[in-house]
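Overview (structure and organization)
Below are the chains, spelled out letter by letter.
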Amino acid sequence: MELERAYQFIEAMPIPADAVLWRTLLGACKLNGNLALAEIATNKLPESDPYNSVNYVLLSNTYAGAEKWDLILICSMSIHSRWPLYSDEHSHLLNLLNVAFVLQR
């Protein structure tokens, strides 16, 4: 209930929320297991911070906490589709996400 109120507050702000605010809400969603709101916050992040793969790491951690391993794989594919020529950092991230998915199967 508090997370929904926080989300409503963010949406009602007279200025656009920045990436830090959306990432903070996403972290709170992880702690509280609120997948639906975590996805909403993640979808807002590209508007303010489109090139930060950490957004998907936070979402995948939220999915891992809820044991939604298939959704972690989707996060991995989303990273690959957004950064087709990904750097070593993104390559390492994709490997970690894929390993986590395989281990939990």
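Quick note: structure is the one above.
First things first, this report covers the structure right here in the doc. (Residues numbered from 1 in each chain as written. Predicted model: local features only at pLDDT ≥ 70, side-chain atom pairs only at ≥ 80, totals over all residues. Heavy atoms only, no water.)

**Some remarks on helix 1 (residues 2-12)**
Going by this rule: For each residue, the accessible area found with a 1.4 Å probe, counting protein chains only, is set against the maximum for its type, and the residue is called buried under 20%, exposed over 50%, and partly exposed in between. Think of it this way: any DSSP run of H or I at least four residues long counts as a helix, any run of E at least two long counts as a strand, and we number them from the N terminus. By construction, the arc corresponds to the directions joining the helix axis to the C-beta atoms. Contact criterion: two residues are considered in contact whenever any of their non-hydrogen atoms come within 4.5 Å of each other.
Every buried residue belonging to helix 1 is among Leu3, Tyr7 and Ile10, and all of these are buried. Summarising the axial view, the buried residues of helix 1 lie within an arc of 60°, below the 170-degree limit, and thus occupy one face. With respect to the buried face of helix 1, the exposed residues turned more than 90 degrees away are Glu2, Arg5, Gln8, Phe9 and Ala12. Of the surrounding secondary structure, the elements contacted by the buried residues of helix 1 are helix 2 (19-32) and helix 3 (35-48).

**A word on the pattern of salt bridges**
What counts here: Salt bridges are defined as contacts in which a side-chain nitrogen from Lys or Arg sits within 4 Å of a carboxyl oxygen from Asp or Glu.
Going through the model one piece at a time under the given rule, you end up with two salt bridges. A salt bridge links glutamate 11 to lysine 44; the nearest nitrogen and oxygen atoms lie 3.4 Å apart. On the criterion of sequence distance, the pair formed by glutamate 11 in helix 1 and lysine 44 in helix 3 is long-range, its members being 33 residues apart. By relative accessible area, glutamate 11 is classed as partly exposed at 40%.

Read these as geometric descriptors, not functional statements.
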